[in-house]
Amino acid sequence: EAGVAQSPRYKIIEKRQSVAFWCNPISGHATLYWYQQILGQGPKLLIQFQNNGVVDDSQLPKDRFSAERLKGVDSTLKIQPAKLEDSAVYLCASSLVQVRLGKNTEAFFGQGTRLTVV
Amino acid sequence: LAKTTQPISMDSYEGQEVNITCSHNNIATNDYITWYQQFPSQGPRFIIQGYKTKVTNEVASLFIPADRKSSTLSLPRVSLSDTAVYYCLVGDRNNAGKSTFGDGTTLTVKP
């Protein structure tokens, strides 16, 4: 089974520039998450999609961050303009919606995109 | 969302059993307990999940007391490759990625 694909793996930009990250979740996973992980900290949820609708974006800095999931499959996370404090790893994860009783539920994570803002 | 508390770091030696305890005093009735492992430059990876009592799979065991206010991840006979950050999460099992990650426990396994 193919995992969650993210690109690019690494990105270096100057502050005030814009950047976009792409995620392709596991086939059949209706739920998609974007996380921000700052060095030394655990991942922080930015936004959650159910198919192509936003379920939770309460922690997304909406003045500079945006995300979309057209057609309920791939997703793009954008930062415009970037700030130094946006330097982090951006993780995409996906999970099933309905889980059969007795089965584990888990979020499957991609390898992330490491963003450095200089 | 329930908050979790874990030790910041732990050291162990190869071949030993490692137990990492997580406190989650305000766990809700519907919450499950899930543990993830994260290696450098990779995303977190699911280890084990449970609701109560004991759960065991091929890589770990999870012990949950009756009051469910804490849980213990047990890694038998660790090796150098088990050096990683381990996260304890509590949350609705039907919203797997919504649970809040803390800062995790950095386990260092020494030869």
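About the cut-offs
Residues numbered from 1 in each chain as written. Chains lettered and ligands numbered in written order. Predicted model: local features only at pLDDT ≥ 70, side-chain atom pairs only at ≥ 80, totals over all residues. Heavy atoms only, no water. Pairing = 2+ DSSP bridges. Helix = DSSP H or I, 4+ residues; strand = E, 2+ residues; numbered from the N terminus. Axes fitted to C-alpha atoms, helices over the stretch in contact; angles between N-to-C directions. Buried < 20%, exposed > 50% of the residue type's maximum accessible area, 1.4 Å probe, protein only.

A closer look at the sheet that holds strand β6 (residues 61-64) of chain B
Residue and element names in this part refer to chain B. As summarised here, the arrangement of the 4 strands in space is β2-β7-β6-β5, forming an open sheet in which the pairing is antiparallel. Either end of the sheet is taken by a strand with one partner, and the two such strands are β2 (18-23) and β5 (53-56). For this sheet, the mean inter-axis angle between neighbouring strands, taken without regard to orientation, is 15 degrees. Bridge count for β2 against strand β7 (residues 70-75) is 6 bridges, and the pairing is antiparallel. The partner of V18 across the bridge, within β7, is L75.

Some words on unusual backbone geometry
Across the junction of S7 of chain A and P8 of chain A, the peptide omega takes the value -10 degrees, indicating a cis bond. Within the element layout of this structure, P8 of chain A appears in the loop between β1 (5-7) and β2 (10-13). Between Q80 of chain A and P81 of chain A the backbone carries a cis peptide bond, its omega angle lying at -5 degrees. With respect to the secondary-structure elements, P81 of chain A resides in the loop between β8 (75-79) and β9 (88-95). Positioned with a positive phi, S41 of chain B is a non-glycine residue whose angle comes to about 65 degrees. When its relative accessible area of 43% is taken as the criterion, S41 of chain B is described as partly exposed. For R77 of chain B, which is not glycine, the phi torsion reads 50 degrees and is therefore positive. Here R77 of chain B lies in the loop between β7 and β8 (84-92).

Observations concerning the sheet that holds strand β7 (residues 65-68) of chain A
All names here are of chain A. Spatially, the 4 strands line up as an open sheet ordered β1-β3-β8-β7, and their pairing is antiparallel. This sheet does not close on itself; its edge strands, each paired only once, are β1 and β7. Strand-to-strand twist in this sheet, taken as the mean axis angle between neighbours without regard to direction, amounts to 15 degrees. Pairing analysis gives 5 bridges linking strand β3 (residues 19-24) to β8, with the strands arranged antiparallel. Counted as the bridge partner of W22 is T76 from β8.

Things to note about the environment of T100 of chain B
All names here are of chain B. Mapped onto the secondary structure, T100 falls in the loop between β8 and β9 (105-110). In this structure T100 comes out as partly exposed when scored by relative accessible area, which is 39%. The spacing of T100 and T4 is 96 residues in sequence and 8.4 Å in space, taken between C-alpha atoms.

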